[in-house]
Structures are given as structure tokens and as C-alpha cells.
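# Structural characterization, general
Here are the chains, one letter per residue:
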Amino acid sequence: MSFSHFFPPQRTLMGPGPSDVSPQVLAALSKPTIGHLDPLFVGLMDEIKALLQYAFQTENKLTMAVSAPGSAGMETCFVNLVEPGDKVIVCINGVFGQRMLENVKRCGGEAVVVEQAWGRAVDPQHVEEALKANADAKFLAFVHAETSTGARSDAKTLCALAKQHGCLTIVDAVTSLGGVELRVDEWGIDAIYSGSQKCLSCVPGLSPVSFSDAAVEKIKARKTPVQSWFLDQSLVMAYWSGDGKRSYHHTAPVNSLYALHESLLLLKNETLEKAWARHQKQHEKLAEGLKELGLDFVVPEDERLPQLNNVYIPEGVDDAAVRKQLLEEYNLEIGAGLGAFAGKTWRIGLMGYAARSENVALCLAALKSVLK
Ligand SMILES: *Cc1c(COP(=O)(O)O)cnc(C)c1O
């Protein structure tokens, strides 16, 4: 076997993630590595925390980036909060809701499942019924932006219902953060996790998380230790805390955090409101073009995510051949269907830096020529 240096091509990434990474973020990655306990790096971590508080719209002190991808953020929320025997209402309307259920089971929690058709938002009425029927439930868990289907659930309403019934909320915002409206404090979200490689347009491998004071109280009152040493927030807290006496927990992915800092700074400079509006505007342009090509959306218009467009593959079209041709001839990646939609749909992402007019134009032109 012979080895050679790796030179990846310049692709346009319009799938379910990773999304296109901006040149500024890539440049930040290649800056000199410094020690993770270097005072300058400690200062950078404090800034990242403040920028994450802005992105999440929260004042939660326990806000940080887990040194692993979105799936680890999910696991961080569940292993810290759910103790054996705790009842958790889990909403499932796609692949990532199913993963939440798997997490609850592995924590020894008792899951109550609220099922919803794939491609639809979680139904608040069904959630309310489950909350009423399970007065002893401690948590409500749901996915804000179901990347497997393209459906957006009404996080504000679901969190208000949970509060009325004395439940803490665990929210998956991996694909929603930076792409659609999300207000952690105003909506009363207790535990939330996201990912670096979706609408933040950073490299994969980091998971921003945030916990409310009520969630922190629940963690502090645990009767059993968190089964994961690495994800135990009471230990990581001392590493990410801004009070000057930082202790070693693990070695932070230094350069990846430079990149996250840069991507969060770009978001802050653009402002959240403008980023949300940009995703919506590009989505509308894309949707119009897809309609002209005869491609139908899976999700009803008022429940659609602008950043994840899930459309049916036309009858008689070879799914894999089209995606291969897009990749080879146009350097364009779109996503295959996932779970129940495998082989049936394409998932076209407009995430972060990828949500631009030139990407929409490229995608529509490429699809038009390949489908001909
Ligand atoms: C991508 C995604 C995840 C998992 O994130 P990874 O970074 O791939 O581990 C979890 N939830 C949702 C909704 C996602 O889109």
C-alpha cells in the first residue's frame, strides 16, 4: 500500500451536515496551537462561553462546548439529568427522537413515548395529554429541528406546557441553533445541546450545551454518580468555569475551539435575527425553484425548517446515481433520506455559511441538468 498526502476537493456542502465552513473559520483552525491552560486560551474559553450565551439567548452560567460532536451533547444532557427510575416523556417524530429514547433507556429512566408521524411537528396536544396522564414525569424531551425529516416543532409552546406540569425540558437544538428562532431563557428550556457543524458552520466535533439553574439543582441533588466520567458536568464545570482557578479535566481541542470562537463571532456580528432571516429567505428561493422542478416537500409549509429541505425523489429517478453525479460533476453534496425516508427523499441543507444565493443557484441549476 502506498500513502500520499490528502488534498480534499472544494465541495459545496448542502446536506444535513457538516455544512460549508467559511474561509475565516478555516483560517482560525490553522493558527498556532497554544496550551489549553495558557492564560490566553483560558480567556478564549471565557469568550466562547459568552458568545454561546448570546447564541442560545441565555444567561445560564453552565454553558460550554462539550469536546465531542452533537451526539455527545445529547448524551451529556441525559446522563447528567436522568437518574434510574426517573420518568421522561420523549417525543419521537424522526431519527433523533429515537436516539433520545435510547439515551433514556440506557440511563435507567422510564420512558413515556409520544409518537408523531415522520415529517410533522410534535403535536402539543398529545404532549399535554401525556403530561396530564403522567403527573410523576420529571422531564419532557424533544427535538426542536428534526434533521431526519425537516420538521420544526414549536419549542416555545412545548416548554410552556412542561413548566405548567412541573417538568424540566431537554431540547435537541443541533440543527436549530443559528438557523431558526431559539430563545433558551424566554422559552424556559432547562437543558439544551447543539452541534458545531450545522448552522454554526464550524468544523464537526464540538457540542455547545447549556443548563438552567433548575437543571443544575437536579444534577447537584443526584443520589447516584453520573455513569460517564468524561461527560459528568460537575467535573467539567471546574474546567470551563470563569472564576480563574481552572483545573485540568481533559485536553480541550484547542484549534477546533479557535474555529468555534470565530464562527460564533461571525454569528454575533451578523446578529441572530439577521441569520434567522437569511436562512428563511434562501429557503424560500430554494423552495420556489424546487417546485418548478416538480419536487414536492415532505413537510407542510408552516412546519418546515428553512435549513433542511426534505423533498420526495421523483418516480423512476435513481437516488444514488443523481447524488453521485451531483458530487462528481458539480462538487455538490446533498443528503440522502434517513430512517423511514431512506431511498425516498433528498435532504437539501441550507445551513449557516451554506445559506447563500450562490449555493441556491448552483443547487437548482445542477439538479435541473442532472434530472433532465
Ligand atoms: C446531526 C444531529 C445530531 C448529532 O450530531 P453529531 O454531531 O452528528 O453527533 C443530533 N441531533 C440532530 C437533530 C442532528 O441533526
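Just so it is clear, the structure is predicted and the values come from calculations on it, not from any experiment.

Thresholds, definitions, all that
- Residues numbered from 1 in each chain as written.
- Predicted model: local features only at pLDDT ≥ 70, side-chain atom pairs only at ≥ 80, totals over all residues.
- Heavy atoms only, no water.
- Pairing = 2+ DSSP bridges.
- Helix = DSSP H or I, 4+ residues; strand = E, 2+ residues; numbered from the N terminus.
- Axes fitted to C-alpha atoms, helices over the stretch in contact; angles between N-to-C directions.
- Contact = heavy atoms within 4.5 Å.
- Buried < 20%, exposed > 50% of the residue type's maximum accessible area, 1.4 Å probe, protein only.
- Domains from an automatic or database assignment.
- Buried area = accessible area lost by both parts, 1.4 Å probe.
- Salt bridge = Lys/Arg side-chain N within 4 Å of Asp/Glu carboxyl O.
- Parallel < 35°, antiparallel > 145°, perpendicular 65-115°, else oblique.
- Left-handed = near helix turned anticlockwise from the far one by under 90°.
- Nonpolar A, V, L, I, M, F, W, Y, C, P; charged D, E, K, R; others polar.
- Polar contact = N/O pair within 3.5 Å; in protein donor to acceptor, adjacent residues only side chain to side chain.
- Core = buried A, V, L, I, M, F, W, Y, C linked by side-chain atoms within 4.5 Å.
- Near = heavy atom within 4 Å.
- Areas by Shrake-Rupley, 256 points an atom, 1.4 Å probe, with all protein chains shown as cover.

### Describing the sheet that holds strand S8 (residues 168-172)
What the seven strands build is an open sheet, ordered S2-S10-S9-S8-S5-S3-S4; its pairing is mixed. Both outer strands of the open sheet, strand S2 (62-66) and strand S4 (110-115), are each paired with one neighbouring strand and no more. On average, adjacent strands in this sheet sit at an angle of 15° to one another, irrespective of strand direction. As paired strands, strand S9 (residues 191-193) and strand S10 (residues 207-211) are joined by three bridges and run antiparallel to one another. Residue pairing for S10: Tyr193 is matched across the bridge by Val209. Contacting S2, strand S5 (139-143), S8, S9 and S10, helix H3 (residues 70-81) crosses the sheet at an angle of about 160° to S9. Strands in contact with helix H6 (residues 155-164) are S5 and S8; relative to S5, the strand with the most contacts, it is inclined by about 170°.

### Observations concerning the environment of Gly337
Structurally, Gly337 can be placed in the loop between strand S12 (332-336) and strand S13 (345-349). Residue class for Gly337 comes out buried when judged on its relative accessible area of 11%. The sequence separation of Gly337 and Ser2 amounts to 335 residues, and the corresponding C-alpha distance is 35 Å. If we ignore the near neighbours within four places in the chain, the residues touching Gly337 are Ala342, Thr345 and Arg347.

### A closer look at the domain arrangement of the chain
Taken domain by domain, the chain comprises domain 1 (12-18 + 272-371) and domain 2 (23-268). Taking the mean C-alpha position of each, domain 1 and domain 2 sit 26 Å from one another. Of the residues lining the interface, 28 residues belong to domain 1; the matching set on domain 2 comes to 32 residues. Taking both sides of the interface into account, the surface hidden between domain 1 and domain 2 amounts to around 2,300 Å²; carbon and sulfur atoms contribute 62%. At the junction of domain 1 and domain 2, the tally comes to two salt bridges. One salt bridge in this structure joins Glu303 and Arg120, with 2.8 Å as the shortest N-O distance.

### Considering the environment of Ala55
Structurally, Ala55 can be placed in helix H2 (residues 39-56). Once the C-alpha coordinates of Ala55 and Val95 are considered, the two residues, 40 residues apart in sequence, prove to be 25 Å apart. If near-sequence neighbours (up to four positions away) are discounted, Ala55 is found in contact with Leu177, Leu264, Leu267 and Leu272.

### Notes on the packing of helix H12 (residues 319-330) against helix H13 (residues 357-371)
When two helices pack together, you describe them by how their axes are tilted relative to each other and by the distance separating the axes. Close contact between H12 and H13 brings their axes to 10 Å; oriented N to C, the two are set at 120°. Relative to H13, H12 is oriented oblique. Crossing angle aside, the handedness with which H12 passes H13 is right-handed. Across the interface between the two elements, Val322, Gln325, Leu326 and Tyr330 of H12 pack against Leu362, Ala366, Leu367, Ser369, Val370 and Leu371 of H13. Grouping the constituent residues of the contact of H12 with H13 by class yields eight nonpolar, two polar and no charged.

### Let's talk about the side chain of His279
Within the secondary structure layout, His279 lies in helix H11 (residues 272-292). Of note is the side chain of His279, whose polar atom sits 2.8 Å from the backbone oxygen of Ala275. Within the local environment of His279, its side chain forms a polar contact with the backbone nitrogen of Gly352, the two atoms lying 2.9 Å apart. Discounting chain neighbours no more than four positions away, the residues touching His279 are Gly178, Gly179, Cys199, Pro306, Gln307, Leu350, Met351, Gly352 and Ala355.

### Let's talk about the nonpolar core
Residues Phe78, Ile170, Phe211, Trp240, Leu257 and Leu260 are the most contacted members of the largest nonpolar core, which totals 90 residues. Ranked by residues supplied to this core, first place goes to H2 with nine residues. Residue contacts for Phe211: discarding those within four places in its chain leaves Asn60, Leu62, Thr76, Cys77, Leu81, Asp190, Ala191, Val216, Ile219 and Gln233. If you look at the next biggest cluster of nonpolar residues, it comprises 22 residues, including Phe297, Leu364, Ala366 and Leu367.

### A look at the site of the ligand
Around the ligand, the structure places Pro69, Gly70, Ser71, Phe96, Val143, Ala145, Thr147, Asp172, Val174, Thr175, Gln197 and Lys198. Here an oxygen atom of the ligand and a side-chain polar atom of Thr147 are 2.3 Å apart. Measuring from a nitrogen atom of the ligand, one finds a side-chain N or O atom of Asp172 at 2.7 Å. Taking 380 Å² as the accessible area of the ligand by itself, protein coverage stands at 89%. Residue composition of the shell around the ligand, grouped by class: five nonpolar, five polar and two charged.

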